[in-house]
Amino acid sequence: MLRRQFLRAAAATVAFAQSRPKPNVIVILTDDQGYGDLSAHGNPVLKTPQMDRLHGQSVRFTDFHVAPMCTPTRGQLMSGVDALKNRACSVAAGRALLRRDLPTMADVFKSGGYKTAIFGKWHLGDMYPYRPTDRGFDTAKYHLGFGISSAPEFSNDYANGTYRDNGVPKKFDGYCTDFWFREAISWIGARKAANQPFLCYIPTNTPHGPAWVDAKYAAPYDKPKLPANFFGMIANLDENLGKLLDYLDSAGLAKNTIIIFMTDNGATAGYNVHNAGMRGRKTQVYEGGHRVPCFVRWPDGGLRAAGDVKVPAQSQDILPTLIDLCELKKPANANFDGRSLAPVLKGKADDVGDRIMIVQYGQIPKKHEATVIWGKWRLVNGVELYDIHADAAQEKDVAATNATVVDRMRTHYDKWWAEIEPKLKDFLPMSIGAPQENPVMLCSSDWEEVYADNPGHVSDAVGGPRGGPWNVFVERDGDYEISLYRWHPLMKLPLTAGREVQKLTYGTLPVGKALPIAGAKVEVAGQSLSGAAKPGDVAVTLKAKLKKGTRTKLHAWFTGKDGADVSGVFYAMVKRIG
């Protein structure tokens, strides 16, 4: 009798689970907004009523950590794997690509029957096979590089600029953040109409600099010692978040939609106004560089009551958490560094067990340039120890009186580093000659171990007389045409030209330096090529025969009339022609 009752109850439970609609998921990741850049977190100036609204409705992880810089956080979020392991551990310098063999959040959801989309900033690879459409996103409306003024987007504008629509350049109307949210809401509406569960990823490029925004948003903060335009970008973001929340309510989607709101690194322009009592800022491994907001809302999901949760957590936890919440299948080849927070979110556990987490990124990663997190402890740079509960500002180093703690944390880190160190020079290659993308544009932002991705870097021709090499993989045998540019190809400026200050809708790009370019050289796959530039040429084009399967470095630089090296090649268009 009891067994029959149990079997009937179990069958009913299974049937209910099968009939229950899958939850939708929206992940919002803002750029360069620190923990203190919300009024809900005590900012005395900035007003963020919509973020505060979401804050009040969410389970809030108050001890949540990301990388101190954007790309590493994005890679960890998408893969559930530490930045130095997934290889996307810097914003440029050949270390902003996510390993091809790692399943992404979009891959997992797509395999689980979800429609997937991204609107905004990807920054995990601009070319095949690293584009969002190569990594599981059905719909991808995004920009290249770190932002709309980055080297691969040089001279693009925050208003009425250009974006990529599944890889195809198109014009957008209005302000970039307005566009991302408008397109996301439209796409969500289409998924509702088609009765399709969805993963919608909205990683905005604001409030990252340059601080370009309509004056009406900055005006309330136009006061001495305030970052008016930075706060204005957050105000615009907040307005758009409100539109999204209102739409979900009106469309009847709010109750069964998981919303995760977080930011990609610690304080930037708002650091001097309010940093919630923390030491450190973006790029630094002190708390203020990597502790960020993380709000989780799911009204019909059986989550614990809205409020603060003090469990130490990290961006690597989000993917395994969503797999559990959405009852998705974990990929067989997944080996997450993150842990599922689902038991904590559902009130079934107070923590995720004893664990040690590591926060590290780097253009040229070095041992111990990290924070090791173990409960209340922070081991910084391998030698400084702080009790974050007693000393939130990290003012008192207590390593000398807690040798056992330091030893355990260093031992854990040393084991982790030993696994990573042998692969640090194994740069991920960009494909050339692939039918999926031919030609492909290589950009200075991907030079190996040379940082050259900002508009000022291109304008000033940084990187020394030869710049840096690109790591490439030849997808097909054939003849290749390599066209070498000083300026972005779309600008059609002569190689020797300078560039005037460029006025954009809400800001300007700096003066561009003229260079005495008379020719160019290329080294690739054991071949040394060279060619001369005629007056007025916008590029020097050279040809090479390359073999399928070759993994090599493509190094290109400009020379002067005397043959001396002048600068690296900032843009190269590589095309298989036969």
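A quick note: this is a predicted structure, and the numbers were derived from the prediction, not measured.

S.K.: I would appreciate a short explanation of the overall build of the protein in the present structure.
M.R.: In terms of regular secondary structure, the protein is built from 13 helices and 29 strands. For 578 residues, the compact-globule formula gives about 25 Å, and the C-alpha radius of gyration of the protein, at 25 Å, lands near that figure. For the protein, the spread of C-alpha atoms along the principal axes amounts to about 90 × 55 × 50 Å. For the protein, the residues scored as buried account for 60% of the 578 residues in total. Here the contacts in the protein between residues at least 6 apart in sequence split such that 70% fall between residues at least 24 apart. Accessible surface, the protein as shown: approximately 22400 Å² in total, 51% of it carbon and sulfur. In the protein, the 72 positive side-chain charges and the 60 negative ones have mean positions that sit 5 Å from each other.

S.K.: Looking at this structure, how should I read the packing of helix α6 (residues 176-193) against helix α8 (residues 228-250)?
M.R.: Close contact between α6 and α8 brings their axes to 9 Å; oriented N to C, the two are set at 10°. Here α6 is positioned roughly parallel relative to α8, judged by the angle of their axes. Counted together, Thr 177, Asp 178, Phe 181, Ile 185, Ile 188, Gly 189 and Lys 192 of α6 and Asn 236, Leu 237, Asn 240, Leu 241, Lys 243, Leu 244, Tyr 247 and Leu 248 of α8 form the full contact between these two elements. Its residues placed into classes, the contact of α6 with α8 shows eight nonpolar, four polar and three charged.

S.K.: Would you explain the packing of aromatic side chains in this entry?
M.R.: Two aromatic rings, taken as a pair, are described by how far apart their centres are and by the angle between their planes. Across all of its chains, the model carries 21 aromatic pairs by this definition. Pairing Trp 122 with Phe 137 gives two aromatic rings, centres 5.8 Å apart and planes at 85°, and the pair type is edge-to-face. Here the residue Trp 122 occupies a position in the loop between β4 (115-121) and β5 (139-143), and Phe 137 occupies one in the loop between β4 and β5, the gap between them amounting to 15 residues. The pair formed by Trp 122 and Phe 137 is uniform in burial state, with each residue classed as buried. By way of ring pairs, the aromatic residues Tyr 158, Tyr 175, Trp 212 and Tyr 506 are connected into one cluster.

S.K.: How do you make sense of the nonpolar core when you look at a structure like this?
M.R.: Buried together is how nonpolar side chains tend to be arranged in soluble globular proteins. Within the largest apolar cluster, 52 residues are counted, with the highest numbers of intra-cluster contacts made by Phe 61 and Met 105. Broken down by element, the residue count for this core peaks at five residues, all from helix α10 (residues 318-325). Setting aside residues up to four positions removed in sequence, Phe 61 forms contacts with Val 292, Cys 294, Val 296, Val 309, Val 311, Ala 313, Leu 341, Val 344 and Leu 345. Listed in part, the 49 residues of the second largest apolar core include Leu 38, Ile 185, Met 233 and Tyr 247.

Cut-offs and rules
- Residues numbered from 1 in each chain as written.
- Predicted model: local features only at pLDDT ≥ 70, side-chain atom pairs only at ≥ 80, totals over all residues.
- Heavy atoms only, no water.
- Helix = DSSP H or I, 4+ residues; strand = E, 2+ residues; numbered from the N terminus.
- Rg over C-alpha atoms; globule rule 2.2 N^0.38 Å.
- Buried < 20%, exposed > 50% of the residue type's maximum accessible area, 1.4 Å probe, protein only.
- Contact = heavy atoms within 4.5 Å.
- Areas by Shrake-Rupley, 256 points an atom, 1.4 Å probe, with all protein chains shown as cover.
- Lys, Arg positive; Asp, Glu negative; His and termini not counted.
- Charge placed at Lys NZ, Arg CZ, Asp CG, Glu CD.
- Axes fitted to C-alpha atoms, helices over the stretch in contact; angles between N-to-C directions.
- Parallel < 35°, antiparallel > 145°, perpendicular 65-115°, else oblique.
- Nonpolar A, V, L, I, M, F, W, Y, C, P; charged D, E, K, R; others polar.
- Phe/Tyr/Trp six-rings, centres within 6.5 Å; stacked < 30°, edge-to-face > 60°.
- Core = buried A, V, L, I, M, F, W, Y, C linked by side-chain atoms within 4.5 Å.

Coordinates in, geometry out; function isn't part of it.
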